[in-house]
Amino acid sequence: MVDITSEKNPRIGVFVCHCGTNIAGSIDVKDVVEYAKTLPNVVHAEDYQYVCSTPGQKKIEDAIKEKNLTGTVVAACSPRLHEPTFRRATQEGGLNPYRFEMANIREQNSWVHMHEKEEATAKAKDAVRIAVAKASLLQDLKPKFVDVEPAALVVGAGVAGMQAALDLANAGIKTYLIEKNPTIGGRMSQLDKTFPTLDCSQCILTPKMVEVGRNENIELMTYSEVEEVDGFIGNFSVKIRKKARGVLTPDEAEAKGIVGGGCNGCGDCEAVCPVIKPNPFEMGMKPRKAIYIYHPQVVPLIYTVDFDSCIKCGLCQTACGEKKAIDLEMQDEFVDLKVGTVVLALGYDIFPVEKKTEWGYKQFDNVVTSLEFERLICASGPTGGHLIRPSDGATPKRIGFVLCAGSRDNTGIGKPYCSRFCCMYSLKHAHQIIEKIPGAVPYIFYMDIRSFGKMYEEFYYRIQDEGAKFIRGRVSNILEDPATKNLHVYAEDTLLGRPVDVELDMVVLAAAVQPSAETEKTRRLFGVSCSQDGWLLEAHPKLNPCGTTTAGVYVAGVCQGPKDIPDTVAQAEGAASAASIPIHLGKVELEPYFAQCIEEKCAGCGMCVNLCPYQALSLVEKDGRKVMQVTEAKCKGCGTCGAYCPGGAIWMQHFTTPQIIAQIDAFLVGGEQ
Amino acid sequence: MAEDNGFKPKILGIICNWCSYAGADLAGSARTQYPPDIRIVRVMCTGRVDPLFIMKAFVDGADGVLVSGCHFGDCHYLEGNYKAAKRMFHLKRVLNSLGIEDKRLRMTFVSASEGAKWAKVVEDVVNTIKAAGPSPIKELAK
Ligand SMILES: Cc1cc2nc3c(=O)[nH]c(=O)nc-3n(C[C@H](O)[C@H](O)[C@H](O)COP(=O)(O)OP(=O)(O)OC[C@H]3O[C@@H](n4cnc5c(N)ncnc54)[C@H](O)[C@@H]3O)c2cc1C
Ligand code: SF4
Ligand code: SF4
């Protein structure tokens, strides 16, 4: 039976925080305290410098005991910050923690009305009055505990997702790692060297890829996507679409009774396949067949059929022979997973820099992007590591690097943010051409060089010493000389204060980065918010950088905002650690904000049943009539049903209709009914 | 800002915890200044907003009501904001028929990262209500 009674004689204590001068600078705190004392049900009011401090919390506990309080109100910062703190203090004082209400007089008052003390003070008084009205009607609530499924899901297997999965797995947690591409590794596997140490990217990544493939606690699903998500922290049900790969792994083959069969990566099929397509891993600069692997070190080493281009000639099947690995009729499969927590590591895409038409990308052969440059300079790339001009295959000597190509761009075409790693990788590229091509000169067009990391500034000095030319100015235009295919780069040298026209053999655009194509869809499946620019929104930029707006879902890597590999790996380790905590605890506490049915009032109409997005409501027979019943484990406490019930039969705990009406009354008619 | 005619409107804001409340907090952290003529009641989701609350506010003498939630597709509870928007749409017609101009009720969508937008929304609502003048409810009730 739901208890809808509240305290008959509420005794409320009010605590108004100065927050140093953060609040007291714009609000007359003493005046608010004196005002609070005049409010109905208030038996105690005081102010303190920092109510969140240990002595501040002690004041709450003492007042509860001394004044026999039935509820507490703290007027301070946002409940999103300190509600848990003051609930705990209220509990320490001997009350149920849900007997606490907060008035936000900082984020939504003193900080936004800094020069209107009178108005801000009046607003603070109203906020306290509203909070006291609610506190007077608060009830004891019992938090809901749910068991946590002892498994984790990591979506995206770039360096971020791989690191998170390895950490989780090594902490003893069963981890599913989902990657949409046929292989793991992400962007880092496309890079040649990494700044500032110049480690070979593949050399440091491959061991990790192998470890991921081998780890017993990791169940790797490549060429797979998240299709549906249901549930909440502790109990996510996730449907995975395993895209038809057209090729069986040895395990899959064995399950089908093909002894000793399945793909062993020999490549016999690829040799005979007649269909030729550009290889996206090589940025389209190298061909691949309709049956393909991206590169020789892929994990897992299993071929994939691109059914969009496959003509089903069957030549590959003949070549594969007794291994019988190829199934050209394979269909997508669905797998249902149950996990307790999730890490999203969705990475990034390159901004389509051809949108900035003035730089001539996709118009002039010798204008390439930095990611294309990585492949062109990489020994395993399409040219075997010999940097050539796309137009004539000649070795370029004068190479321009255009920084902030689409980043820090407020024209509405590019991105307003800094992509954070382009300065550093362009310095790396400058070094690489000086090292590889005798007599080569890099021309770096920049606004300012952002070399903020450990040993980064030192790397910048090194490239200066090596003879790179730096031109401070944004490139306004690039034109091609049709005869030579050389490029004229126009910019204003803002240090010399004059326009420059530099003739170059090749230009590399350090294109901005943007959220990967699937980020929007995937984040919505998990109910995660994004920032204005589309990157996933962290729960708090400083204090909870790996959490998200959905409990139990964490973020790692560039999908949260551009960051280089060291920062990506660090965040991945943080996200893995955060995601492992609920699993190790085995239980999580949920706020008891769920719906209850007041059976006397319920007419059994069933309107609410279809409204609930979580199927938490049903109609049941009771004493010969139909009444609504709530499955508490499913209810997330949105209150949608409570807003709809024509009979007022739904009791939304902690946000009850009487409580909200009391708040509205308190604001508009001063609480007098 | 609209011309100050000395009228201090009473505006109620009912806003969701996950997006608009967080956005309003962000405006605070960034010290974005906006007019002080609004008082906030926090709910977990705009889906919780019973038309009764808004009617009660107008009956109690509110000059304007702002309901603000997450953007469509971003609702923390999947679709509470759709349902709220639908309800607000119907409610506006009811209000009009009662002689309360529907511009006194506003629904907006402000995400957790849109602090600046929150400030703009409040400024806009305050200006609209200031221009509309005091609620006709007292006159209507006579
Ligand atoms: C030209 C260039 C050079 C660079 N050089 C350096 C350098 O020298 N040093 C350095 O520190 N950093 C460098 N960086 C930055 C580096 O690439 C990133 O820091 C790093 O790759 C980020 O890793 P990530 O895992 O977050 O993202 P990604 O590498 O993008 O990985 C994301 C993975 O998730 C997968 N995915 C995405 N969405 C889904 C989905 N919905 N479902 C399943 N899977 C999904 C993707 O397929 C991908 O495999 C460079 C970047 C560029 C562009
Ligand atoms: S809408 Fe109200 S009356 Fe109808 S079934 Fe649900 S709780 Fe009962
Ligand atoms: S509050 Fe109501 S509509 Fe929302 S999840 Fe719970 S039962 Fe469903």
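Moving on to the overall build of chain A. What chain A contains, in helices and strands, is 19 helices and 34 strands. Principal-axis analysis of the C-alpha atoms gives chain A an extent of 90 × 75 × 40 Å. Per-residue burial over chain A gives 57% buried out of 673 residues. Of all intrachain contacts in chain A linking residues separated by at least 6 positions in sequence, the fraction that spans at least 24 positions is 69%. Just so you have it, chain A exposes about 27,700 Å², and 51% of that area is on carbon and sulfur atoms.

This part covers the packing of helix 19 (residues 657–669) of chain A against helix 2 (residues 51–59) of chain B. Any two packed helices are characterised by how steeply their axes cross, that is the angle between the axes, and by the distance between the axes. Remark: helix 19 of chain A packs on helix 2 of chain B, axes separated minimally by 10 Å, with the N-to-C direction vectors making an angle of 20 degrees. One way to sum up the angle between helix 19 of chain A and helix 2 of chain B is to call them roughly parallel. Considering only the axes of helix 19 of chain A and helix 2 of chain B, their crossing is right-handed. Only Leu52(B), Phe53(B), Lys56(B) and Ala57(B) of helix 2 of chain B make contact with helix 19 of chain A, whose side of the interface consists of Thr657(A), Ile660(A), Ile661(A), Ile664(A), Asp665(A) and Leu668(A). Its residues placed into classes, the contact of helix 19 of chain A with helix 2 of chain B shows 7 nonpolar, 1 polar and 2 charged.

Moving on to helix 2 of chain B. Working note: α-helix, 3.6 residues per turn, so residues spaced by three or four point in the same direction. For helix 2 of chain B, the complete set of buried residues consists of Phe53(B), Ile54(B), Ala57(B) and Phe58(B). One face of helix 2 of chain B carries all of its buried residues, which in axial projection span an arc of 130 degrees. Along its buried surface, helix 2 of chain B packs onto helix 19 of chain A together with strand 1 (11–16), strand 3 (64–69), helix 3 (80–98), strand 4 (105–109) and helix 5 (137–141) of chain B. Where helix 2 of chain B ends, the next residue or the one after it, Gly61(B), has phi of about 105 degrees, a positive value.

Another aspect to go through is the site of ligand 1. Residues and elements named next belong to chain A. Neighbouring ligand 1 are 38 residues; Glu179, Arg187, Tyr348, Lys428 and Ile565 lie closest to it. Measuring from a nitrogen atom of ligand 1, one finds a backbone N or O atom of Lys180 at 3.2 Å. Here an oxygen atom of ligand 1 and a backbone polar atom of Arg187 are 2.8 Å apart. Burial of ligand 1 by the protein amounts to 98% of the accessible area it has alone, namely 1,000 Å². When contributions to the shell around ligand 1 are tallied by element, the ones reaching two or more residues are helix 7 (159–170), strand 8 (193–194), strand 19 (348–350), helix 12 (370–377), helix 13 (422–436) and helix 16 (565–585). Of the residues belonging to the shell around ligand 1, the class tally is 18 nonpolar, 11 polar and 9 charged.

Turning next to empty space enclosed by the protein. Enumeration according to the criterion identifies 7 cavities of 30 Å³ or more in this entry. Size it by volume and the largest cavity reaches roughly 320 Å³. What lines the largest cavity is a set of 23 residues, among which Met102(A), Ala103(A), Asn104(A), Tyr21(B) and Ile40(B) lie closest to the centre. Within the residue set of the lining of the largest cavity, elements represented by two or more residues are helix 4 (79–92), strand 4 (100–104), helix 5 (106–110) and helix 6 (117–135) of chain A together with strand 2 (39–43) of chain B. Of the residues forming the lining of the largest cavity, the biggest block, 5 residues, is contributed by helix 6 of chain A. The residue makeup of the lining of the largest cavity, split by class, is 12 nonpolar, 5 polar and 6 charged.

The rules we used
- Residues numbered from 1 in each chain as written.
- Chains lettered and ligands numbered in written order.
- Predicted model: local features only at pLDDT ≥ 70, side-chain atom pairs only at ≥ 80, totals over all residues.
- Heavy atoms only, no water.
- Helix = DSSP H or I, 4+ residues; strand = E, 2+ residues; numbered from the N terminus.
- Buried < 20%, exposed > 50% of the residue type's maximum accessible area, 1.4 Å probe, protein only.
- Contact = heavy atoms within 4.5 Å.
- Areas by Shrake-Rupley, 256 points an atom, 1.4 Å probe, with all protein chains shown as cover.
- Axes fitted to C-alpha atoms, helices over the stretch in contact; angles between N-to-C directions.
- Parallel < 35°, antiparallel > 145°, perpendicular 65-115°, else oblique.
- Left-handed = near helix turned anticlockwise from the far one by under 90°.
- Nonpolar A, V, L, I, M, F, W, Y, C, P; charged D, E, K, R; others polar.
- Arc of directions from axis to C-beta.
- Near = heavy atom within 4 Å.
- Polar contact = N/O pair within 3.5 Å; in protein donor to acceptor, adjacent residues only side chain to side chain.
- 1 Å grid on protein atoms, 1.4 Å probe; cavity = no way out; pocket = protein on both sides within 12 Å on 5 of 7 lines; lining within 4 Å.
- Points joined across faces, edges and corners; volume = space filled by probe spheres on them.

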